[in-house]
Structure formats: C-alpha cells, structure tokens
Amino acid sequence: MPLVTDQPRPEEPHTPSSQSQHGLDWFIFFLADVQTGFGPFIAVYLTTQKWTQVEIGFVLSIAGIIGLLGQMPGGAIVDAARSERVVAGCAVAAIGNCALAYAIWPILPVVTLAATFHALASCVLGPAIAAISLGLVGPHAIGERLGRNARFASLGNGSAAALMGACGYLLSSRAVFIVTFLLAIPALVSLSRIREREIDIAQAHGEVKREVPDKKATSVLSLVRHRSLLIFACAMMLFQLSNAAMLPLMAGVVTRRSSEWAPILIAACIIVPQAFVALASPSVGRKAQEWGRRPLLLIAFAALMIRGLLFATVHDPYVLVAVQVFDGITAAVFSVMVPLVVADVAFGSGHFNLAQGIVGTAVGIGASLSTVLAGYVSDRLGSATAFLGLAGVASLGLLMIWLVMPETRRTSA
C-alpha cells in the first residue's frame, strides 16, 4: 500500500545537466576502483611484508568494528553538511592517502591508523553518494538514478579487480596501493564535474518545505521508531546474515573439490554476479517505480534462498558458478533497493542519511555474525548443513517482507 497522501510532497527539481549526471557516473566508477584496492589485497600485501596472521587480523578487525560503529554517525555528518560534494571529496582524498600510507610505510602503527581513517571515510561515502543522487534528481526519479549508480559501481568493481590483479602479478602487491592512490585523482576530477548548484541540499537531506513546521515529522526519535524503517532494517540484517557467508563458504567447497581450478572458478563466481548487476540494475530502478518495492524485495530474498539450497545440493564445481546468477539477481535488487526504500521512508524527516546509517548498522551486524556462525556450523555439521541454515535465514527475511513490510513507494499523484 503506498504511503498516505497527506504527507507534504516534495517539489520536483529541474532536470540535472548531463555534465552532472555523467560526473556522478564516473565518480562512482572510479570510487569502486579505489575501494577495490582495500579488499583481499591488504592481506596479500601485509603477508609479503612479513606480518603475522594475528597482526593482519587485528588491523582488519579494527577496520570492521569502526566501520560498523560509524554508520549512524557517518549518516548524521552527511545530514549536517552543507555540501555533500565536499564531504565526498574529503573522504576520497583520505582513502587515497591511506592507500599511499600502506605502500610507503607498512608498519603496524601506520597501517592501523590508515585502516581507521579508511573505515571512517567509508562511513560517509555511501550516504554522501545517495544524498548527491537524491539532491540531483529528487525522490520520484531516484529509483532509476540508483540503478544507474549500481551499474557504474559494478563496472568499476570488475575493471578494478582485473587492474589490481594485473598490477599485483606483473609488478608487486605494493603497486596495488600506489595505483589505488592514483585512481583517487580521476575520482576527484569526476566529482568536480557535478555542478554544486544543481544539488538541492534540502532534498539531499530528505527535507521538504512546510508552511507550518512539524517537529514530530522531523524528530530523530520519530525516525528511529518508524515501523517501516525498523522492519526493513531487520530484514536487511537477515539478508546479510544469510548472504555474507555464502561465497566464502562456497569458495572453500570449490577448493576442496577442484583445487587446481579453484582460483579461476572463484574469480568466475565474482564476475558472473557483477556482470548481471551491470546489466540489470537500471531495469530494477524502473521496475521499482512501476511495480513497487515489495515485489522486487520478495524476488531478491527468494533468489537468495534458492542459491543457498542449490549450494547445499549441487556437487559439480562448474555448476556452482552458474548458481551465482542468483547472487546477481539479489545484488542487482539490493544495490538499488536499500537506499531507495530508505529514501521512501525517511523523506520529509530531514534525516535521510541518518536513516541510511541505521540500516547500514543492521547490515554490518548481519555480515559480522554470518561468517562466524556459518563457519562454526560448517566445521561441526558440514557445509551442506551450513548452506541449508543460510537458506533458512533467507526464508525468514522473505516471510518478513511478505507478511509485515508495507509498500513504501511514493506516487506523484
């Protein structure tokens, strides 16, 4: 059921220029390149620098904890900012310098400090991108814009993985972080192409003009008690609780069954869903406005559940790669739907980015618990049982969306 129509309707902004739209496209593309350098390459690089696994685990844990705790403060910072472009630019510059610190001085105090600043910067980047998008196109066109964002992020992730892998193989693992630093430059240039005057700051924060101020509607307490937001946050926690462990667990299974081809198969398992996201995300944004949000959320949770069941029953490593198409479906939907549903629910409160932080915290909790719990079950009862358990968690999310999640789509009528 659509949101009630007595809420204040936002004014439709002027259509942003193609320069701003393309600037945002390429900013997201290069940002995905920059962020990819901090993935599995960190562990590889630090291992080559004679770090122990305990030291590597400590740094990664620090970054993970700060990334989790910083979600809501990061959103609040973006809501308070008068220029999302400045916030995003500072965050990208910080991440680039952190990469340079890794490359130049890979000792524990420096790397720990760099990992901390990288995690803090990442906490504001996601909300800042969503805020810029909302400020540019407005709430009625945000679905298609988010689909476009997801496409360029997916293309950036895929190209960056290939580039970083080639640099690490042909040059050295240190070169990955130098390239990451250099890629921050085109990201900042692309950001500068977005015209500041075309970003409606009030709209980017989820504010609407009211003739009479409504303190209840703009209260943080009202937002954190919003039924739709809390239900969606719980559903997203279940999603990550089910999803986060699937690929690592499956990678272990593939390695045991076909160790010679494991690296290629695992790479294919990453590329297949990324390609699907790049192709399908814009359509997801359009269909979300035509069909509503709930049908697509139901499709995504059903795909996640089926993926878990197939991982539990399929034994051919090559067929497992094909199963990753379901991961592509899920990723294409949620890359668009998370900020879209948050925009639906929080628009009018002035705290759109704080609401993103609330959902981001739930996502982080689910992801943190997923790998620990699935690993424990896999060690004790076998990987098939672990996959069945993950599929069961996905089914709980499916039921939550089906039975208690209201439709949040806004209509212009």
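Structure: see above.
These notes cover the structure that comes with them. (Residues numbered from 1 in each chain as written. Predicted model: local features only at pLDDT ≥ 70, side-chain atom pairs only at ≥ 80, totals over all residues. Heavy atoms only, no water.)

## Here we look at the overall build of the protein
A tally of helices and strands in the protein yields 18 helices and 0 strands. Taking all 413 residues of the protein together, 51% fall into the buried category. Restricting to contacts in the protein with at least 6 residues of sequence separation, those with at least 24 account for 87%. For the protein, the exposed area adds up to about 18,200 Å²; of that, 69% sits on carbon and sulfur atoms. (Helix = DSSP H or I, 4+ residues; strand = E, 2+ residues; numbered from the N terminus. Buried < 20%, exposed > 50% of the residue type's maximum accessible area, 1.4 Å probe, protein only. Contact = heavy atoms within 4.5 Å. Areas by Shrake-Rupley, 256 points an atom, 1.4 Å probe, with all protein chains shown as cover.)

## Description of the pattern of salt bridges
Inspection of every chain in the model, using the stated rule, returns 8 salt bridges. Residues Glu 196 and Arg 85 are paired through a salt bridge, measuring 3.1 Å at the closest nitrogen-oxygen approach. Of this pair, Glu 196 sits in the loop between α8 (173-192) and α9 (201-204) while Arg 85 sits in helix α5 (residues 84-104), placing them 111 residues apart in sequence. Overall, the relative accessible area of 22% leaves Arg 85 in the partly exposed class. Members of the salt-bridge network, linked through shared partners, are Asp 25, Arg 145 and Arg 148. (Salt bridge = Lys/Arg side-chain N within 4 Å of Asp/Glu carboxyl O.)

## Structural notes on the packing of aromatic side chains
Counting across every chain of the model gives 10 aromatic pairs. For the pair Trp 26 and Phe 29, a centre-to-centre distance of 5.2 Å together with 75° between the ring planes defines the contact as edge-to-face. With Trp 26 and Phe 29 both in helix α1 (residues 18-36) and 3 residues apart, the pair spans about one turn of that helix. Judged by its relative accessible area of 15%, Phe 29 falls in the buried class. Measuring from centroid to centroid gives 5.3 Å for Phe 311 and Phe 387, while their planes differ by 55°, and the two rings are tilted. Taken together, the positions of Phe 311 in helix α14 (residues 293-313) and Phe 387 in helix α18 (residues 383-403) put the pair 76 residues apart, joining distant regions of the chain. Phe 387 shares its class with Phe 311; the two are buried. These aromatic residues form a ring-pair network of at least three members: Trp 26, Phe 29, Phe 30 and Phe 152. (Phe/Tyr/Trp six-rings, centres within 6.5 Å; stacked < 30°, edge-to-face > 60°.)

Nothing here speaks to function; it is geometry throughout.
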